[in-house]
Number of protein chains: 2
Amino acid sequence: MAEDLSLRVGIVGLGLIGGSLAKAFREYTDCTVCGFDRDPAVVQAALDCSAIDRAGGEEDFPRLDLLFLAVYPQAAVDFARAHGAQIGRSCLVTDTCGVKTAVCAQMTELSRSLGFRFAGSHPMAGRERSGFGASEASLFRGASYIITPCGASPEDVTLLQRTAAALGFRQSVVTTPEEHDRIIAFTSQVPHALACAYVMSPQCLKHNGFSAGSYRDVSRVANINETLWTELFLSNAGPLADELDTLIGNLSAVRDAVRAGDGERLAALLRRGRLVKESLGE
Amino acid sequence: MAEDLSLRVGIVGLGLIGGSLAKAFREYTDCTVCGFDRDPAVVQAALDCSAIDRAGGEEDFPRLDLLFLAVYPQAAVDFARAHGAQIGRSCLVTDTCGVKTAVCAQMTELSRSLGFRFAGSHPMAGRERSGFGASEASLFRGASYIITPCGASPEDVTLLQRTAAALGFRQSVVTTPEEHDRIIAFTSQVPHALACAYVMSPQCLKHNGFSAGSYRDVSRVANINETLWTELFLSNAGPLADELDTLIGNLSAVRDAVRAGDGERLAALLRRGRLVKESLGE
């Protein structure tokens with residue numbers, strides 16, 4: 001499935017995602033990778049383990065074919081504003097942000113005014129730990145790569161799709177920023193909000209010896225990077241708050257049936273859940 | 001870690017839990033197992049794969065050392081009422097129900113009036129599928145075995161602990177029915193209610209291509225046996241409704257901070273979740 005891919009790639013931000021992208025490019029493709037990070041120690045660590053070919057500098061921007069901005073949403077926009085004019089038309093810029101509407105609107109405008117090519121993307125992968133130390137080449141194996149073209153050319157979308165396939169992603173999905181954000185509010189942001197809300201119960205501290213897979217699953221992502229997730233949540237506040245309303249409403253319906261001792265109503269609610277899972281073949 | 005264990009064991013109900021108990025007794029101990037199930041085809045299936053030594057009958061009750069009632073809560077009580085007098089003092093009876101206060105109160109009273117020995121228990125293990133076909137000897141590997149003695153002798157508690165160790169459980173925990181039910185409402189019942197409430201969102205049907213581990217984890221147990229879980233929920237209605245109130249309250253606090261765009265308040269809430277996980281070493 002791996003394709004020949006030989007590009008000059010730049011990666012800004014060598015954290016979990018950027019570090020894993022670098023390692024995957026080096027391990028699975030013929031691309032050369034130059035890495036940027038505000039922390040020189042991280043760049044050195046990436047050099048030491050050959051995750052990157054070399055440390056990048058401003059002189060690299062006009063020579064790159066593909067530049068990933070693997071930093072927090074606002075930082076990605078700030079970087080594009082500061083360096084977009086140097087990057088020029090020969091390089092496709094993409095981000096890796098978990099929210100797209102807010103980021104893509106600003107990036108698209110900057111790409112037009114500063115003259116670089118842009119398409120948004122979101123590698124749907126993560127781990128409980130963050131930072132370069134947690135990165136690995138195999139992070140994207142089996143994952144989805146979501147592309148929000150936002151006016152990018154078909155050739156640029158194809159370039160991202162070929163890249164995703166080479167890096168080990170299972171599939172690429174092309175959609176709009178708005179659709180991405182509505183679905184991601186449900187699939188990713190709600191579970192993270194939920195994990196934190198769940199472990200706030202006073203019972204949580206007593207769970208040892210009384211828990212099995214279902215506790216572990218719901219609580220897993222409570223070990224959160226609250227700075228990153230606060231930014232992600234607030235950048236998608238409308239769709240996320242709406243999804244939380246939906247969940248709170250459905251949970252309240254279950255709670256009311258339990259409190260009323262209404263077995264018929266309760267069984268009907270649980271059955272609805274089962275039928276959704278069955279209809280999805282899960 | 002396996003101990004020598006040579007008992008005459010009876011198992012009533014050869015579903016996921018009863019079937020797995022039978023297979024574990026046969027694979028890891030020297031016990032003989034006679035199996036009971038209201039469905040003769042299930043008993044035959046258990047015989048065919050040597051999960052049990054033989055089909056049990058009423059004549060077995062006085063000859064057993066240990067009898068597991070691995071059926072739904074009300075069915076366990078009904079079975080004890082119907083057969084408790086035949087069982088006699090030579091056999092320790094235990095159940096496997098996921099709720100303990102309601103079941104143990106009735107079982108303790110029956111054990112006194114009908115003259116059998118009883119201690120409650122709850123093997124904290126499960127799978128997404130149910131029935132004998134889903135059972136396996138290794139189901140309890142790494143799991144907790146919770147014992148609610150309810151007046152049982154220290155020797156009987158020790159017998160259950162030795163049995164649990166032989167069957168592969170990681171640990172036994174001794175507690176009261178009330179404490180069990182309060183903690184289980186949080187660790188097990190809330191995640192099941194939550195999984196069903198979560199997948200009711202209209203966004204769920206679009207998740208394919210937009211989801212990763214956190215969706216899979218929260219939704220996993222929505223594939224529920226609604227008949228069993230309705231009985232379990234209603235048998236523990238007070239503690240479960242209280243835990244759902246707590247979760248709904250904490251989720252609402254997150255939702256309100258998101259909707260207000262209050263980054264400081266939101267980060268503080270997420271941090272609380274992270275600190276709980278860290279304090280538990282998870």
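Rules of the game
- Going along each chain's sequence as written, the residues are numbered from 1 onward.
- Numbering of ligands from 1 and lettering of chains from A proceed in the order in which they are written.
- The model is predicted, so local features are restricted to residues of pLDDT at least 70 and side-chain atom pairs to those at 80 or more, both for listing and for counting; the totals for chains, interfaces and linings are taken over all residues.
- We call two residues in contact when their backbone-placed C-beta atoms lie within 7 Å.
- Where helices and strands are cited, they refer to DSSP runs of H or I of at least four residues and of E of at least two residues respectively, numbered from the N terminus.
- Basically, the charged four are Asp, Glu, Lys and Arg, the nonpolar ten are Ala, Val, Leu, Ile, Met, Phe, Trp, Tyr, Cys and Pro, and anything else, Gly included, counts as polar.
- Only residues with pLDDT of at least 70 in both copies contribute their C-alpha atoms to the least-squares superposition of the copies.
- Each residue carries a pLDDT score, the predictor's own confidence in it, on a scale running from 0 to 100.
- By definition, two strands form a pair when at least two bridges between them are found by DSSP.
- Each axis is a line fitted through C-alpha atoms, and for a helix only the stretch in contact is used; angles between axes span 0 to 180 degrees, taken between their N-to-C directions.

## Notes on the interface of chain B and chain A
Size of an interface: often given as the accessible area lost when the parts come together.
So, step 1. At the interface, 78 residues of chain B touch 78 residues of chain A.
So, step 2. Of all the secondary-structure elements, those providing two or more residues to the side of chain B that touches chain A are β8 (144-148), β9 (171-174), α6 (177-199), α7 (213-219), α8 (226-234), α9 (237-260) and α10 (263-279) of chain B.
So, step 3. The biggest single contributor to the side of chain B that touches chain A is α9 of chain B, with 16 residues.
So, step 4. Within the side of chain B that touches chain A, the residues separate by chemical class into 42 nonpolar, 22 polar and 14 charged.

## Description of the relation of the copies chain B and chain A
So, step 1. For the pair chain B and chain A, the best superposition has an RMSD of 0.0 Å and corresponds to a rotation of 180° with a translation of 0.0 Å parallel to the axis. Such a turn and shift between the copies fits a two-fold axis.
So, step 2. Looking at the interface residues of chain B, 100% of them are also at the interface in chain A, so both copies use one shared face.

## Regarding the confidence of the model for chain A
So, step 1. Summarising the model, chain A shows a mean pLDDT of 95, and 99% of its residues fall at 70 or more.
So, step 2. In the predicted complex, the global pTM is 0.89; the interface-specific ipTM is 0.89.

## Digging into the sheet that holds strand β1 (residues 8-12) of chain A
Residues and elements named next belong to chain A.
So, step 1. Read from one edge to the other, the open sheet built from 6 strands follows the order β3-β2-β1-β4-β5-β6, with strand pairing classed as parallel. Bordering the open sheet on either side are β3 (54-55) and β6 (117-118), each of which pairs with just one other strand.
So, step 2. Examined bridge by bridge, β1 and strand β4 (residues 66-69) share 4 bridges and lie parallel to one another. Paired with Val9 across the bridge in β4 is Leu66.
So, step 3. Those strands touched by helix α3 (residues 73-87) are β1, β4 and β5 (92-95), and its axis lies near 160° from that of β4.

## Some words on the sheet that holds strand β6 (residues 117-118) of chain B
All names here are of chain B.
So, step 1. The strand order β3-β2-β1-β4-β5-β6 describes an open sheet built from 6 strands, whose pairing is parallel. Either end of the sheet is taken by a strand with one partner, and the two such strands are β3 (54-55) and β6.
So, step 2. Taken together, the 2 bridges between strand β2 (residues 32-36) and β3 define a ladder with parallel strand orientation. Across the sheet, residue Gly35 finds its bridge partner in β3, namely Ala55.
So, step 3. Across the face of the sheet, helix α3 (residues 73-87) comes into contact with β1 (8-12), β4 (66-69) and β5 (92-95) while running at roughly 160° to β4.

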